[in-house]
Amino acid sequence: DGGITQSPKYLFRKEGQNVTLSCEQNLNHDAMYWYRQDPGQGLRLIYYSQIVNDFQKGDIAEGYSVSREKKESFPLTVTSAQKNPTAFYLCASSIAAGSTDTQYFGPGTRLTVL
Amino acid sequence: DQQVKQNSPSLSVQEGRISILNCDYTNSMFDYFLWYKKYPAEGPTFLISISSIKDKNEDGRFTVFLNKSAKHLSLHIVPSQPGDSAVYFCAACSASKIIFGSGTRLSIRP
């Protein structure tokens with residue numbers, strides 16, 4: 001089955017630790033995205049990548065880092081510099097990064113920093 | 001400054017009736033709009049879209065209306081079914097940027 005997988009579904013970390021969230025897609029999509037969702041807010045873009053070995057900051061990139069070494073994978077690292085890391089993180093992909101390209105979302109990872 | 005607003009955080013509709021979800025935007029450069037549906041603990045799934053050159057797009061029970069002069073779009077679901085209970089996000093696109101609204105939780109009651 002083609003789709004986007006995110007693991008794990010729930011993640012707990014101690015304050016001050018870096019943590020990496022996984023996102024894999026087998027849809028052969030060029031573009032991939034990371035969003036965070038907080039209660040009462042829409043999805044906010046953290047980083048996006050239009051092609052392998054390239055990525056751009058979104059609206060709230062501070063305290064996060066990404067890599068895009070393979071087309072299928074776009075891991076997100078939440079660093080200790082992120083002031084409020086507890087959130088629901090969603091990964092998405094689209095055929096390309098054009099405005100009319102539908103984004104397909106993974107199931108999300110809920111990160112709780114204790 | 002929220003460029004895409006969904007002013008109703010929640011909506012309750014009786015099964016079989018029409019559900020109307022609203023979305024307002026501020027940027028006239030947006031040229032494509034989408035609605036996503038999200039169940040708890042899952043990622044959003046694409047529902048329906050509309051280009052700025054149209055004012056209506058219909059897909060089965062779902063119809064999206066766009067009023068460019070008012071910078072307003074709405075999603076109509078008729079008839080509403082229990083499985084429609086979810087959070088609905090509208091999104092507006094310009095170039096390669098997509099902005100999501102804060103979502104409206106729709107509850108379909110028997």
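What counts as what
- Every chain is numbered on its own, with residues counted from 1 as its sequence reads.
- Here chains are named by letter from A upward and ligands by number from 1 upward, in the order in which they appear as written.
- Only residues with pLDDT of 70 or above have their local features reported here, since the model is predicted, and side-chain atom pairs are shown and tallied only from 80 upward, although totals for entire chains, interfaces and linings are computed over all residues.
- To obtain the side-chain values, all non-hydrogen atoms of the structure were included, while hydrogens and water were left out.
- Strands here mean DSSP runs of E at least two residues long; helices mean DSSP runs of H or I at least four residues long; both are numbered from the N terminus.
- Polar contacts, as counted here, are pairs of nitrogen or oxygen atoms within 3.5 Å of one another; within protein the pair requires one atom able to donate a hydrogen and one able to accept it, and residues that are adjacent in sequence qualify only if both atoms are side-chain atoms.
- We call two residues in contact when some of their heavy atoms are within 4.5 Å.
- A carboxyl oxygen of Asp or Glu within 4 Å of a side-chain nitrogen of Lys or Arg is what we treat as a salt bridge.
- Each residue is placed in one exposure class: buried if its accessible area under a 1.4 Å probe, protein chains only, is under 20% of its type's maximum, exposed if it is over 50%, and partly exposed if it falls in between.
- Patches here: salt-bridge-free residues with over 30% relative accessible area, like charges joined within 9 Å, nonpolar side chains (Val, Leu, Ile, Met, Phe, Trp, Tyr) joined within 5 Å.
- For the accessible areas, the method is Shrake-Rupley and the probe is 1.4 Å, while residue cover comes only from the protein chains on display.
- We define buried area as the total accessible area lost by two parts upon association, computed with a 1.4 Å probe and summed across both.
- The classification used treats Ala, Val, Leu, Ile, Met, Phe, Trp, Tyr, Cys and Pro as nonpolar, Asp, Glu, Lys and Arg as charged, and all other residues, Gly among them, as polar.

(A) The side chain of Gln-6 of chain B, seen in detail. Residue and element names in this part refer to chain B. Relative to the assigned elements, Gln-6 resides in the loop between β1 (4–5) and β2 (10–14). Within the structure, Gln-6 has its side chain in polar contact with the backbone nitrogen of Cys-90 (distance 3.1 Å). A polar contact of 3.0 Å, which involves the side chain of Gln-6, links it to the backbone nitrogen of Gly-103. Discounting residues that sit within four places of it in the chain, Gln-6 has contacts with Asn-22, Cys-23, Trp-35, Tyr-88, Phe-89, Cys-90, Gly-101, Ser-102, Gly-103 and Thr-104.

(B) Local environment of the pattern of salt bridges. Residue and element names in this part refer to chain A. This structure, assessed with the given rule, holds four salt bridges over all chains. The shortest N-O distance in the salt bridge between Asp-38 and Arg-36 comes to 2.8 Å. Like Arg-36, Asp-38 is buried. Residues participating in the shared-partner salt-bridge network are Arg-36, Asp-38 and Arg-44.

(C) Geometry of a nonpolar patch on the surface. A cluster of nonpolar side chains, Tyr-10, Phe-12 and Leu-114 of chain A, forms an exposed patch at the surface whose accessible area comes to about 370 Å². Residue position: Phe-12 of chain A is located in strand β2 (residues 10–13).

(D) Region of interest: the interface of chain A and chain B. Taken together, the 22 residues of chain A in the interface contact 21 residues of chain B. Buried area between chain A and chain B, summed over both chains or domains, comes out near 1600 Å², and the portion from carbon and sulfur atoms is 59%. Across the chain A-chain B interface, the total number found is zero salt bridges. At the level of secondary structure, the elements contributing two or more residues to the side of chain A that touches chain B comprise β4 (31–37), β5 (43–51) and β9 (87–94) of chain A. Of the residues forming the side of chain A that touches chain B, the biggest block, three residues, is contributed by β5 of chain A. Its residues assigned to classes, the side of chain A that touches chain B comprises nine nonpolar, eleven polar and two charged.

(E) Region of interest: unusual backbone geometry. Residue Pro-8 of chain A follows Ser-7 of chain A across a cis peptide bond; omega there is -10 degrees. With respect to the helices, strands and loops of the structure, Pro-8 of chain A is situated in the loop between β1 (4–7) and β2. Here the residue pair Val-78 of chain B and Pro-79 of chain B is connected by a cis peptide bond, since its omega of -10 degrees sits within 30 degrees of zero. Structurally, Pro-79 of chain B is set in the loop between β8 (72–77) and β9 (86–94). Even without being a glycine, Asn-53 of chain A presents a positive backbone phi close to 65 degrees. Mapped onto the secondary structure, Asn-53 of chain A falls in the loop between β5 and β6 (54–57). In this structure, Lys-71 of chain B is a non-glycine residue whose phi angle is positive, near 50 degrees.

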